[in-house]
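Coordinate inspection notes
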2 protein chains.
Amino acid sequence: MTLLRLLGVSVALILSLAAAAEELDKETVREANTLISRSLDSSVGYDIINSLTTEVGPRLAGSEAEARARDWAVAKFKTLGFKNVRIEPFSVDYWERHVESAEIVSPFPQKLHITTLGGSVATKPGGVTGQIVRFASLKALIDAPMAGLAGKIVFVDEYMTRTQDGSGYGVAVRKRSGAANEAGKRGAIAALIRSVGTDQHRFPHTGQMNYVKQIPKVPIAALSAPDADQLQRALLLGEVEVKLSLEVESLGPRQSGNVIGEIPGETDEIVIIGGHLDSWDLGTGAVDDGAGIGITLGAAKMILDLKRKPQRTIRVVMFGSEEVGLVGAKAYAEAYKTELDKHVIGAESDFGGGKIWRFDTRFGKDKLHFAAAIQAVLGPLGIALGDNSASGGPDMGPMRALGMPVATLKQNGWDYFDLHHTANDTFDKIKPEDIAQNVAAYAAFAWMAANLDGHFRASPE
Amino acid sequence: MTLLRLLGVSVALILSLAAAAEELDKETVREANTLISRSLDSSVGYDIINSLTTEVGPRLAGSEAEARARDWAVAKFKTLGFKNVRIEPFSVDYWERHVESAEIVSPFPQKLHITTLGGSVATKPGGVTGQIVRFASLKALIDAPMAGLAGKIVFVDEYMTRTQDGSGYGVAVRKRSGAANEAGKRGAIAALIRSVGTDQHRFPHTGQMNYVKQIPKVPIAALSAPDADQLQRALLLGEVEVKLSLEVESLGPRQSGNVIGEIPGETDEIVIIGGHLDSWDLGTGAVDDGAGIGITLGAAKMILDLKRKPQRTIRVVMFGSEEVGLVGAKAYAEAYKTELDKHVIGAESDFGGGKIWRFDTRFGKDKLHFAAAIQAVLGPLGIALGDNSASGGPDMGPMRALGMPVATLKQNGWDYFDLHHTANDTFDKIKPEDIAQNVAAYAAFAWMAANLDGHFRASPE
């Protein structure tokens, strides 16, 4: 870090002043570089993640713990000096986990480590017992005949590919809902999946699933990778019978909310950054998404400490109930739909705590010079210029769909799905030096986006 | 492996023939090298570990599952072609785990991942709740005044050092019994320890503890490392109250047993190798001690396949009830105490599945040339000559105490305490190439020990 500051950032200053001269005024670039330098020396992001994961812990959408997280967020925003701090409430369908267990009943009695997927129905009291029918992939189950699975437990044993950019997730996650719905169509009594994850530890990965209407609802749980292996090995030796007991409950609407704090600007335009406040119930939500909260709130705090008013308002949004279907993001987009043209750009951090390696955008095609100008400043942090098909993060989705430009400060997600949605997602997995790099990048990005003379939307033709 | 065979073993043959010429006849050395070469190409050890951990799974001392493991062992011995296959039963005090949970009640309500230590008493029904008092080490608790802990929960937050030779364990493990007994003396209502382990995953490590007579029995559980961290962080912010519910039961004497199979020799002398058949209840006992079973039974099978009768009988012993206090080892020593002079040497594999890097002995001082002669053959496997203070493995302890010479084929235990006594001790953690190296070393060692012209005990003076 010291080397980067001594060499990189001073070189960066010169290089980026040259590269960005046309797009960004010298003072803004100088301030962005100050933010980078100070952020790399600061533990502000790391400390916020510590505080959230320790003082709140797990915070499931709609739970009493998520309400405590909102109180924590309001207090934290205020303590740090943000303005217009507020909770914007909305309603979410609440589901919770009670007791869950699975075991091989025959031929080799032993426990299996599983976790119910969010939104699943419960098994009948006392559990269900059935013969396992394994499918190597969701596709194999979809292609299977409609007959032959009545009374059985479907096991979709599909693997997930480890990638830097997390692209393995989009494929693997389909089985979460798919396995239950395909099993339901065929009269199966339950479904099991190999966890959507890349680790080889005995942690099952939870995550939201959704039933298709008019298909019988089948309870579904994920096996940890070692337990999926064990079931696979047992099946090589003959028929296997498993007992599954999932005590979970859907309890109807509960209050959730987005928590917002601002650095007011000179104009009514808004740069929006943030993460999501809720987490799954198993871990303490450090990488998902304590990291995003710490990174973006920490970055905004670095900007606050500059003590210079940005041109545009910098709004930090901690979205509620992301995990169960972007409920907070949809509520935000609905609430602000008439003001969306004032949202000049949005970027969410929701991919863990790994270093940022690429700056992707979704700008008007005639505005890509702004992407290059911003990236020129971020480059010394090890961040390359990416493409123009950024998502901006899950919670920016509803606003992106309505035309808001977005950026993705793309993190290295190589290890992210080792921890994602498991009990093992805890604060000790957070690396302070990686968080500091993220804070530096978000602070510089948000500062430049707030002060840049121009817009990211395509110019009217 | 191929490189080792192409270069190493052929060089080894020449070198070891030279080095060992005086101690070992050429034919024995040639056969030992054949065993090494064939073992490196074989998956016999790996396959045995697979079979035991899949077809039996967890096998707690005295449980129905341990009985199934004995049946598995008898069948495996017979299938592989061993002679004099038998179970030698003994009795063990049976303890079992039912349901266990812990949570921070205030100020930050959240679950903690814990596991009860073996032999602990249960908490009262419904659990106990108390304020946490942290001690940075067992020593700090021992040095604490007798007053001030009544009604509290003691938390011994001592760390374990990661080492290649496992030497960090001997120090760290003292808190398992120590924390409960010191807490009991002081009127505490329960004790928690940071797990005796080296990982940073959310797995608590179980293990046996023993109460000192006449001290009140206090229930005790281990926290996973991330949970110990969390408690430590919460305590930095003020008083912390924890609720602990440990439903466990001591159910009195149950049957256990050692399982034995042999390669009969020309004489009535015995070379004894083995591992322990029981495991803790949380994992499937792959590294502890499925590995030792696979390595030593696999090595003996390689010798069987030589189809040459050894001079001495090679006896493979799968000890029962090791984890709860070397109960099988003590039963064996008692049963064979009048024949112990016929046991020329013993070696147990009970330190996981890592590669062997050192050959330690406990021979008569005038017999160390035999250690050098055997090591000369093992050297190309990456095995150095060690010292003469070997333990021979836990289950050789009672016989070692009665004067039996032992050897330790010392494994690299760098990662062993990441998995030891956790739910994460599963078959996927076993590396086939490491097991093959272990099988090669044990096969060569046992073959040389069985055919060597001489004894390892000190000569009468």
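Scoring rules and cut-offs
Counting of residues starts from 1 at the beginning of each chain's written sequence and follows it residue by residue. Note on labels: chains are lettered from A, ligands numbered from 1, in written order. Under the rules for a predicted model, residues below a pLDDT of 70 receive no local features and side-chain atom pairs below 80 are neither given nor counted, while totals for whole chains, interfaces and linings still include all residues. As a convention, hydrogens and water are excluded, and side-chain values are obtained from all of the structure's heavy atoms. Under the DSSP-based scheme used, a helix requires at least four consecutive residues in state H or I and a strand at least two consecutive residues in state E, with every element numbered from the N terminus. It is over C-alpha atoms that the radius of gyration is taken, and the globule rule equals 2.2 Å times the number of residues to the power 0.38. Burial here depends on accessible area, computed with a 1.4 Å probe over protein chains only, as a share of the maximum for the residue type. Under 20% is buried, over 50% is exposed, and the range in between is partly exposed. We call two residues in contact when some of their heavy atoms are within 4.5 Å. Least squares is the method for superposing the copies, and the C-alpha atoms it fits come from residues with pLDDT of at least 70 in both. Under this scheme, a helix contributes an axis fitted over its contacting stretch, all axes are lines through C-alpha atoms, and angles between N-to-C directions fall in the 0 to 180 degree range. Gly is placed with the polar residues, together with every amino acid not listed as nonpolar (Ala, Val, Leu, Ile, Met, Phe, Trp, Tyr, Cys and Pro) or charged (Asp, Glu, Lys and Arg). To estimate how far a helix should extend, the number of its residues minus one is multiplied by 1.5 Å. For the purposes of these results, a polar contact is taken to be a pair of N or O atoms within 3.5 Å, where, inside protein, one atom must be able to donate a hydrogen and its partner to accept one; residues adjacent in sequence count only when each atom of the pair is a side-chain atom. Salt bridges, as used here, are contacts in which a Lys or Arg side-chain nitrogen is within 4 Å of a carboxyl oxygen on Asp or Glu. Pairing of aromatic rings covers Phe, Tyr and Trp, the last through its six-membered ring, and needs centres within 6.5 Å; plane angles under 30 degrees mean stacked, over 60 mean edge-to-face, and all others mean tilted. Our definition puts a charge over a ring when NZ of Lys or CZ of Arg is within 6 Å of the ring centre and also within 35 degrees of the ring normal. Here the arc refers to the directions that run from the helix axis out to each C-beta atom. Known as pLDDT, the predictor's per-residue confidence is scaled from 0 to 100. A quick way to say it: buried area is the sum, across both parts, of accessible area lost when two parts are put together, with a 1.4 Å probe. For two strands to count as paired, DSSP must find a minimum of two bridges between them. Throughout this description, any angle smaller than 35 degrees is read as roughly parallel, any larger than 145 degrees as roughly antiparallel, any in the 65 to 115 degree range as roughly perpendicular, and the remainder as oblique. Whether a crossing is left-handed or right-handed is set by the direction in which the near helix is turned from the far one by less than a right angle, anticlockwise for left-handed and clockwise for right-handed.

What follows deals with the overall build of chain A. Counting its secondary structure elements, chain A contains 14 helices and 14 strands. The C-alpha atoms of chain A give 23 Å as radius of gyration, which agrees with the globular expectation for 461 residues (23 Å, within 12%). Counting all 461 residues of chain A, 61% fall into the buried class. By sequence separation, contacts in chain A at least 24 residues apart represent 83% of the contacts at least 6 residues apart.

Once turned by 180 degrees and shifted 0.0 Å along the axis, chain B lies on chain A with an RMSD of 0.0 Å. The superposition operator between the copies reduces to a two-fold rotation axis. Proximity to the rotation axis, assessed at the C-alpha, singles out His201(B) in chain B; its C-alpha lies 4.3 Å from the axis. Counting the interface residues of chain B, we find that 100% of their copies in chain A are interface residues as well, pointing to one common contact surface.

Our next topic: the packing of helix α3 (residues 44-55) of chain B against helix α14 (residues 432-451) of chain B. All names here are of chain B. Orientation of α3 relative to α14, taken along the N-to-C sense of each, is 115 degrees, at an axis distance of 7 Å. Here Val-44, Gly-45, Tyr-46 and Ile-49 of α3 come into contact with α14, specifically with Pro-432, Ile-435 and Val-439. Split into classes, the residues belonging to the contact of α3 with α14 amount to 6 nonpolar, 1 polar and no charged.

What follows deals with α14(B). Spanning 20 residues, α14(B) covers 28 Å between terminal C-alpha atoms, matching the ideal 28 Å at 1.5 Å per step. Most of α14(B) is tucked away, with 18 of its 20 residues classed as buried.

Here we come to the environment of Tyr211(A). Residues and elements named next belong to chain A. For Tyr-211, the position within the fold is in the loop between β6 (190-194) and β7 (220-223). The buried category is assigned to Tyr-211, whose relative accessible area is 18%. Separated by 173 residues in the primary sequence, Tyr-211 and Arg-38 place their C-alpha atoms 48 Å from one another. Dropping the residues within four chain positions of it, Tyr-211 is found in contact with Gly-119, Ser-120, Val-121, Ala-180, Asn-181, Lys-217, Val-218 and Pro-219. A polar contact of 2.9 Å, which involves the side chain of Tyr-211, links it to the backbone nitrogen of Val-121. In this structure the side chain of Tyr-211 is engaged in a polar contact, spanning 2.9 Å, whose partner is the backbone oxygen of Val-218.

On to the pattern of salt bridges, then. Considering all chains together, one arrives at 56 salt bridges over all chains under this definition. With a shortest N-O distance of 2.5 Å, Asp143(A) and Lys139(A) are connected by a salt bridge. The same class applies to Asp143(A) as to Lys139(A), namely exposed. Between Lys337(B) and Glu334(B) there is a salt bridge, with its nearest N and O atoms 2.8 Å apart. For Glu334(B), a relative accessible area of 48% corresponds to the partly exposed category.

What follows concerns the packing of aromatic side chains. The tally for this structure, following the rule as stated, stands at 23 aromatic pairs over all chains. With 6.1 Å between their ring centres and 70 degrees between their planes, Phe319(B) and Tyr332(B) make a pair best called edge-to-face. A residue pair is termed long-range when its members are at least 10 positions apart, and Phe319(B) in strand β10 (residues 313-319) and Tyr332(B) in helix α10 (residues 327-335) qualify at 13 residues. A relative accessible area of 0% places Phe319(B) in the buried class. Of the residues examined, Tyr332(B) reaches a relative accessible area of 0% and is grouped as buried. An aromatic cluster of at least three residues, connected via ring pairs, comprises Tyr169(A), Phe351(A), Tyr416(A) and Phe417(A). One cation-aromatic arrangement involves Arg162(A) over Trp414(A); the distance from NZ or CZ to the ring centre is 5.7 Å.

Here the bond from Ser106(A) into Pro107(A) is cis, since omega is 5 degrees, no more than 30 degrees from zero. By the element assignment, Pro107(A) lies in the loop between β1 (83-106) and β2 (110-112). Residues Asp288(B) and Asp289(B) are joined by a peptide bond in cis, for which omega reads 5 degrees. The phi angle at Lys307(A) is positive, at roughly 60 degrees, despite the residue not being glycine. Among the secondary structure elements, Lys307(A) is positioned in the loop between α9 (286-304) and β10 (313-319). Of the residues examined, Lys307(A) reaches a relative accessible area of 72% and is grouped as exposed.

This part takes up helix α10 (residues 327-335) of chain A. Every buried residue belonging to α10(A) is among Gly328(A), Ala329(A), Tyr332(A) and Ala333(A), and all of these are buried. Relative to the axis of α10(A), the buried residues are bounded by an arc of 135 degrees and lie together on one face.

Time to look at the confidence of the model for chain A. Residue and element names in this part refer to chain A. Model confidence for chain A is summarised by a mean pLDDT of 95, while 95% of its residues fall at 70 or above. Of all helices and strands in chain A, the one with the weakest mean pLDDT is helix α1 (residues 2-20) (50), whereas β10 scores best (99). Predicted complex metrics record ipTM = 0.92 and pTM = 0.93.

Further remarks concern the interface of chain B and chain A. Contacts between the two partners involve 31 residues from chain B and, on the opposite side, 31 residues from chain A. Interface area, chain B with chain A, both sides summed: about 2,400 Å², of which 53% is carbon and sulfur. For chain B, the biggest contributors to the area lost against chain A are Thr54(B), Arg202(B) and Arg233(B); these three give 24% of the whole. At the surface where chain B touches chain A, the tally comes to 0 salt bridges. Seen at the junction of chain B and chain A, the total is 21 residue pairs in polar contact (both at pLDDT 80 or more). Counting residues per element, the ones that place at least two in the side of chain B that touches chain A are α3 and α8 (225-236) of chain B. Here the element with the most residues in the side of chain B that touches chain A is α8(B); it accounts for 5 residues. Of the residues contributing to the side of chain B that touches chain A, the split by class is 11 nonpolar, 13 polar and 7 charged.

Time to look at the pairing of strand β5 (residues 153-156) of chain A. All names here are of chain A. Here β5 shows a buried face lined by Ile-153 and Phe-155 and a second buried face lined by Val-154 and Val-156. Direction of pairing for strand β4 (residues 128-135) relative to β5: parallel, over a ladder of 4 bridges. Its bridge partner lying in β5, Val-133 is registered against Val-154. Here 4 bridges tie β5 to β6, and the two strands are oriented parallel to one another. Bridging from a neighbouring strand, Val-156 pairs with Ile-193 of β6.

A few words on the packing of helix α4 (residues 64-80) of chain A against α9(A). Residue and element names in this part refer to chain A. Close contact between α4 and α9 brings their axes to 11 Å; oriented N to C, the two are set at 20 degrees. Looking at the two axes, α4 sits roughly parallel to α9. Along this stretch, α4 crosses α9, giving a crossing that reads as right-handed. Together, Trp-72, Lys-76, Phe-77 and Leu-80 of α4 and Ile-293, Leu-297, Lys-301 and Leu-304 of α9 make up the contact between the two elements. Across the contact of α4 with α9, the residue classes tally to 6 nonpolar, no polar and 2 charged.

Residue and element names in this part refer to chain A. On the secondary structure map, Thr-116 appears in strand β3 (residues 114-116). Classification of Thr-116 by relative accessible area gives buried; the value is 0%. When neighbours within four sequence positions are excluded, Thr-116 is seen to be in contact with Trp-95, Arg-97, Glu-100, Thr-206, Ile-220, Ala-221, Leu-246 and Val-248.

Okay, the environment of Ser349(B) next. Residue and element names in this part refer to chain B. On the secondary structure map, Ser-349 appears in the loop between β11 (343-348) and β12 (356-362). Ser-349 sits 44 residues away from Gly-393 along the chain, and the two C-alpha atoms are 6.4 Å apart. Discounting residues that sit within four places of it in the chain, Ser-349 has contacts with Gly-274, Gly-275, Asp-289, Gly-292, Ile-295, Thr-296, Gln-411 and Tyr-442.

Here we take up the pairing of strand β11 (residues 343-348) of chain A. All names here are of chain A. Within β11, 6 of the 6 residues are buried, which leaves it mostly tucked inside the rest of the structure. Relative to β11, strand β9 (residues 270-276) runs parallel, the two sharing 5 bridges. Bridge pairing links Ile-270 to His-343 in β11.

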